[in-house]
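Each chain, letter by letter, is given below.
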Amino acid sequence: MDDNGLCTMCDHESRLLDGKWMGTFLAPNGTCQLCSDNCDRCYNETSCWSCGDGYIVIDEKCVKCLEGCYLCEGGLDKCLACDHGYYLVQDGETGWCEK
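Residues numbered from 1 in each chain as written. Predicted model: local features only at pLDDT ≥ 70, side-chain atom pairs only at ≥ 80, totals over all residues. Heavy atoms only, no water.

*Asks:* Help me understand the overall build of the protein, please; the structure alone is not making it clear to me.
*Replies:* Check the secondary structure of the protein and you find zero helices and 12 strands. Along the protein, helices (α) and strands (β) appear in the sequence β-β-β-β-β-β-β-β-β-β-β-β when read from the amino end. The buried share of the protein, taken over its 99 residues, is 28%. For the protein, the share of sequence-separated contacts (at least 6 apart) that also reach a separation of at least 24 residues comes to 8%. Put simply, the protein shows about 6,500 Å² of open surface, and 51% of that area lies on carbon and sulfur atoms. (Helix = DSSP H or I, 4+ residues; strand = E, 2+ residues; numbered from the N terminus. Buried < 20%, exposed > 50% of the residue type's maximum accessible area, 1.4 Å probe, protein only. Contact = heavy atoms within 4.5 Å. Areas by Shrake-Rupley, 256 points an atom, 1.4 Å probe, with all protein chains shown as cover.)

*Asks:* Looking at this structure, how should I read the state of the cysteines?
*Replies:* Each disulfide is one covalent bond, formed between the sulfur atoms of two cysteines. As enumerated under the stated definition, the model contains six disulfides in all. Put simply, Cys 51 and Cys 62 are joined by a disulfide, and their sulfur atoms are 2.2 Å apart. Taking the sign of the S-S torsion, -100 degrees for the link of Cys 51 and Cys 62, the bridge is left-handed. With Cys 51 in strand β6 (residues 48-51) and Cys 62 in strand β8 (residues 61-64), this residue pair connects regions lying 11 residues apart in the sequence. Exposure remark for Cys 51: the relative accessible area of 14% places this residue in the buried category. Between the sulfur atoms of Cys 65 and its disulfide mate Cys 72 the distance is 2.0 Å. When the S-S torsion is -80 degrees, as for the bridge of Cys 65 with Cys 72, the disulfide is left-handed. Of the two residues examined, Cys 65 and Cys 72, each falls in the buried class. (Disulfide = S-S within 2.5 Å.)

Encoded structure:
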């Protein structure tokens, strides 16, 4: 905090709140604010650059990976790891999860 009691930086550790991964950012008013749902790193409340597990950044928003996909990278159709009870199917660079 500075001499006026305003934050100069925020804790960038994301946390699970109400079942969603949430990070924080330093708002212009000097307070730490929560990122949008499932965003664990953001520039502000609308611009995310890193998402929680099961989500991918598309146009600075966190978008859910395909059903059963725990980790997707490079596109929704590029699943790298599956949720419990699913198995990974790959076809070239495309990967998806099936039961």
